[in-house]
Amino acid sequence: MPPRSRPSSGPSAPRPEIEAIVASSRQLKARQAILRAIPGIGAVLSTMLITSMPELGQINRRKAASLAACAPHPRDSGTRNGYRTITGGRRHIRPALFTAALAAIRGNNRFADIFKNLVKAGKPKRLAINAVMRHIIVVANARLRALNDPVSN
């Protein structure tokens, strides 16, 4: 019996068909250029956000973070206050966002400052990385909203 292939755990390079569609569309190319300008976001995540989250730029920051599966959700019941955990959303985006957050915190940008301040305040590094993931998606949403908004142009 042949060995079973395991699904990949991390993000992979965008398929050539998707890259061709993005390259042929003026609007998608502009969205990708804006996303690529954000620290940490590369070819894989920008293509993934364009294809998996077409709503990005048209929704508020809380919905964007929730759709990207990086918003904190309470685990409370009655008088019990549980931990806030990131759940739900489009879970296949989270590993790519995690990779983008790791790349962003190594630079000299606002995401690195956010990470350093949270760690300095005593927060666990995993929580600080999740906060950077959320900030990346919120910034991407705001920049794409500015692209869609004719008043700001």
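The model shown is predicted, which means the values in this text are computed figures rather than measured ones. (Residues numbered from 1 in each chain as written. Predicted model: local features only at pLDDT ≥ 70, side-chain atom pairs only at ≥ 80, totals over all residues. Heavy atoms only, no water.)

Student: Break down the overall build of the protein for me, citing the residues and quoting the values.
Tutor: A count of helical and extended segments in the protein gives 7 helices and 2 strands. Beginning at the N terminus, the succession of helices and strands in the protein can be written as α-α-α-α-β-β-α-α-α. Relative to its 153 residues, the protein shows a buried fraction of 34%. Considering only contacts in the protein between residues 6 or more positions apart, those separated by 24 or more positions represent 57%. (Helix = DSSP H or I, 4+ residues; strand = E, 2+ residues; numbered from the N terminus. Buried < 20%, exposed > 50% of the residue type's maximum accessible area, 1.4 Å probe, protein only. Contact = heavy atoms within 4.5 Å.)

Student: Got a sec to walk through unusual backbone geometry? Specific residues and values, please.
Tutor: For Ala69, which is not glycine, the phi torsion reads 60° and is therefore positive. With respect to the helices and strands, the residue Ala69 is situated in the loop between helix H4 (61–67) and strand E1 (72–73). Among the residues examined, Ala69 registers a relative accessible area of 0% and is labelled buried.

Student: Can you lay out the nonpolar core for me, pointing to particular residues and giving the numbers?
Tutor: In terms of nonpolar packing, the biggest core is built from 35 residues, with Leu49, Leu97, Ile136 and Ile137 touching the most fellow members. Counting residues per element, the ones that place at least two in this core are helix H3 (43–52), H4, helix H5 (94–105), helix H6 (110–120) and helix H7 (125–148). With 10 residues, H7 is the single largest residue contributor to this core. Each residue touching Leu49, except ones within four places of it in the same chain, is listed here: Leu35, Ile41, Pro54, Leu56, Ile93 and Ile137. (Core = buried A, V, L, I, M, F, W, Y, C linked by side-chain atoms within 4.5 Å.)

Student: Before we move on, could you go through the pattern of salt bridges and cite the residues and values that matter?
Tutor: A full pass over the atoms with the stated rule returns 1 salt bridge. Here Glu55 ties to Arg90 by a salt bridge, and the two come within 2.9 Å at their closest N and O atoms. A residue pair is termed long-range when its members are at least 10 positions apart, and Glu55 in the loop between H3 and H4 and Arg90 in the loop between strand E2 (85–86) and H5 qualify at 35 residues. With relative accessibility at 24%, the residue Glu55 sits in the partly exposed group. According to the relative accessible area criterion, Arg90 is partly exposed, its value standing at 24%. (Salt bridge = Lys/Arg side-chain N within 4 Å of Asp/Glu carboxyl O.)

Student: Any chance you could break down helix H2 (residues 26–36) for me, citing the residues and the numbers?
Tutor: Restricting attention to buried positions, one finds in H2 the residues Arg31, Gln32 and Leu35. End-on, the buried residues of H2 take up no more than an arc of 100°, which puts them together on one face. Against helix H1 (16–24), H3 and H7 lie the buried residues of H2. (Arc of directions from axis to C-beta.)

Student: Go over the side chain of Arg94, please, and point to the residues and values.
Tutor: Locating Arg94 in the fold gives a position in helix H5. One buried charged residue, Arg94, forms no salt bridge at all, with the nearest opposite charge on Glu55 at 16 Å. Contacts of Arg94, omitting those with residues within four sequence positions, involve Ala68, Ala69, Ile86, Thr87, Gly88 and Met133. (Lys, Arg positive; Asp, Glu negative; His and termini not counted.)

Student: Lay out the environment of Arg91 with the relevant residues and their values.
Tutor: For Arg91, the location among the structural elements is in the loop between E2 and H5. Under the relative-accessibility criterion, Arg91 is labelled exposed at 55%. In this structure, the C-alpha to C-alpha distance between Arg91 and Cys70, residues 21 residues apart in sequence, is 8.8 Å.

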